[in-house]
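The residues making up each chain are set out below.
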Amino acid sequence: MNFHLHSPPTQALAALARSDCDTAVLFMGNEALGKEPAKAKAPARSPLLKLAMQLAGQGDFEAGAGKLVSVPAAPGVVAQRLLLAHVGDGTPAQVRKAAVAVAGSLKGNTHAKRISLAAASGFDGPQLRAAILGLAEGSYVYSSTKSKPKGRHLVSVEVIADNVDALQADLDWAVACMRGIELAKEWGNRPANHATPVHLAQAARALGKTPKTTCEVLGPKQIAKLKMGSFLAVAQGSRNEPRFIVLKYQGAPASVAPHVLVGKGITFDTGGISLKPAAEMDEMKFDMCGAASVLGVFEALSVLKPAINVVGLIPTCENMPGGDALKPGDVVTSMAGQTIEVLNTDAEGRLILCDALTYAERFKPQSVVDIATLTGACVVALGHVRTGMYASNDELAAQLTRAGDAAQDPCWRMPLDDEYAEGLKTHFADVANVAGRAGGSITAAKFLQRFAAKYDWAHLDIAGTAWKSGAAKGSTGRPVGLLLQYLTDQT
Ligand code: BES
Ligand code: MN
Ligand code: ZN
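Summarised in this report is the structure supplied together with it. (Residues numbered from 1 in each chain as written. Chains lettered and ligands numbered in written order. Predicted model: local features only at pLDDT ≥ 70, side-chain atom pairs only at ≥ 80, totals over all residues. Heavy atoms only, no water.)

### A short note on the overall build of the chain
Link 1 in the chain: On a plain count of helices and strands, the chain comes out with 14 helices and 20 strands.
Link 2 in the chain: Against the globule reference of 23 Å for 491 residues, the chain gives a C-alpha radius of gyration of 24 Å, in line with a compact fold.
Link 3 in the chain: Each of the three principal axes of the chain carries a C-alpha extent, and together these read 80 × 50 × 40 Å.
Link 4 in the chain: Contacts in the chain between residues at least 24 apart in sequence constitute 77% of all its contacts with a sequence separation of at least 6. (Helix = DSSP H or I, 4+ residues; strand = E, 2+ residues; numbered from the N terminus. Rg over C-alpha atoms; globule rule 2.2 N^0.38 Å. Contact = heavy atoms within 4.5 Å.)

### Here's the deal with the coordination of the zinc ion (ligand 3)
Link 1 in the chain: Coordination of the zinc ion (ligand 3) by the protein comes from Lys264 (NZ), Asp269 (OD), Asp287 (OD) and Glu348 (OE), over a distance range of 2.0 to 2.4 Å.
Link 2 in the chain: For the zinc ion (ligand 3), the six donor atoms in the first shell make angles of 78 to 174° at the metal, a pattern classed as octahedral.
Link 3 in the chain: Each donor residue of the zinc ion (ligand 3) belongs to the same chain, and together they define the spacing K-x4-D-x17-D-x60-E.
Link 4 in the chain: Between the zinc ion (ligand 3) and the manganese ion (ligand 2) the interatomic distance comes to 3.2 Å, and Asp269 is a ligand of both metals. Of the two residues, Lys264 sits in the loop between strand 9 (259–263) and strand 10 (265–269) while Asp287 sits in the loop between strand 10 and helix 9 (289–304), which places them 23 residues apart along the sequence. Each member of the pair Lys264 and Asp287 is classed as buried. (Donors = N, O, S within 2.8 Å, 3.2 Å for Na, K, Ca; no water. Tetrahedral: all angles 85-135°; square planar, octahedral: opposite > 155°, others 65-115°. Buried < 20%, exposed > 50% of the residue type's maximum accessible area, 1.4 Å probe, protein only.)

### Description of the packing of aromatic side chains
Link 1 in the chain: Per the counting criterion, the structure on display carries six aromatic pairs.
Link 2 in the chain: With a centroid separation of 6.2 Å and 65° between ring planes, the pair formed by Phe27 and Phe123 is classed as edge-to-face. In this pair, Phe27 sits in strand 2 (residues 23–28) while Phe123 sits in the loop between strand 5 (114–119) and helix 4 (125–139), placing the two residues 96 residues apart along the sequence.
Link 3 in the chain: For Phe27, a relative accessible area of 2% puts it in the buried group.
Link 4 in the chain: Ring-pair connections join several aromatic residues into one group, and the members of that group are Phe231, Phe244, Tyr359 and Phe363. (Phe/Tyr/Trp six-rings, centres within 6.5 Å; stacked < 30°, edge-to-face > 60°.)

That's the geometry; what it means functionally is another story.
Written as C-alpha cells, this is what we have:
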C-alpha cells in the first residue's frame, strides 16, 4: 500500500472534491459540524462541509469516532463516492478508530483501490500517523495460506493537506511502522507448519539483505557450542531443529553501543510433556509473536534508517512432547552456568529467553528489551489492552511507557519486588522454572531478571496483546509500534 502527501494550491477540501480517485474520504470532528460554534463559521464555506452539516442535520451522519456515511455520486465530488468519517474529538486514538472504520467499510470493494483523504481541521503529525496506521489495520488481509488469495484492494492513499513539509517525517515514520507491523502480522498469523524455526531464519536472512542490516543464523551445533543448555532442552523434543537468529542494524558508528531486542520464537507451544489442553491450542502458533515483532522492527528500521545501532536476537524452536522431550523435574544448565529445575515444561519461554539474555551481554548494550508471549497470567492481569512491562531501571520504564502511549501500543509497568522470587527456590537446582499460580507473570519476569543483571533490562509480556481470538482471530503486530517509537526516540 502506497501513501503520499499532496499539497494543493487551493483549500484541501476543494482539492479533495476535485480528486480523481475512487473514494474521497473526509475526516471531520464535532468542530467542523458546528457543534462547537466558535470555530464553525469559517470552514463552513466549503461545499463539502455544507453537505456534511446537512447530512448531520437530517440524522444521516452521526457524531462519534468511526461513524461513517457513504455518499455515492456526491454533488461537486469527482470520485465515485464521498466517505464522511467522524473523528470524535480528534485525538489520535479517535482518528485511528475512524481510519480503521473507513478501511473496513471499503474492504473487499474492488472499486476502491485509490483513496484521497483530507481532514476538515487539517492533520497534525500524531493524527496523520494514526490515520495511516488505522487505514493499514482496517484493510489488512491475510492470504499466504489461501489457495485463491484475495489480497488487499486498497493500494494507494493520497493525503491532502496544506502543511505537507511539516508532515513528511510523520508519514515516513508511519509507513515504516506499518511495514513492520505487517511483517510481524504475517509471521504471527502463519500456521506453525508454515512458520518453523527454519522459516523464521529465512525471513531474517531476507531482512539481512536490506539496507544497513546483517543476519547470522546459528544451528544446533553452534547453539550447543555456546552452551545454551536451557534453550536446547526445550528444542530437544521436536524434529524441527532450533535456530538462534542474530540480526544487526547499524545506523550509527560501530563504536555506539546497541539496543538489543530479544524475541521469544516458540513456533508452536504444545506445553511439551506438561501438555496443554486441546481447546484453543491452535492459538499457540502465535507463541512466536515476540520473534515476529523483532523481525517487524528490523523491517521498519531498514525503511526508516535511523542513526542508532540495534541487535535482534531470536531463539526459535518448537515445544513438543515426545521420546526425546524434556521431562518435569529435569535439571538443565543454562549458558550463564545457572542450573534450572524444569518443574513444568510448559514454562518454556523463559527457558529459551534466559540463554538469549546471556548472549546479549557480549554487545555491552545500552538496553535490552525482551518481548514474549510469556504467561496466561499476564492476560488475567491486564487483559488485551496493555502489554505487561517490567524494567530494572526507572528511566527505561518511563521511556517504554511514553513510547507505547505515543504509538497507541500501550504498556503498563508491573512490579519486580524480590519477594516475588521466593517461589522459584528449589532444593535441586539454582532456580526452578515456575513458582505457584499467584502472580504468574511477575514470577516469570523474576526468573528472567536473574539472567539480565549486567545491563539495563526490560521485559514485555505480550501474551494478551500480540493476537486476537474468536471471530477477529489474528496477529495484531504489537508491540512493533511501541518498540519502533522507543528506538527512534533514542536518536
Ligand atoms: N505461551 C504460553 C503463554 C500463553 C498462554 C500465552 C496462553 C497466551 C495464552 C507459555 O509458554 C506458557 O505456557 N505459560 C504457562 C506458564 C505456567 C506453566 C507457569 C502459562 O501461562 O500457563
Ligand atoms: Mn508454554
Ligand atoms: Zn509458550
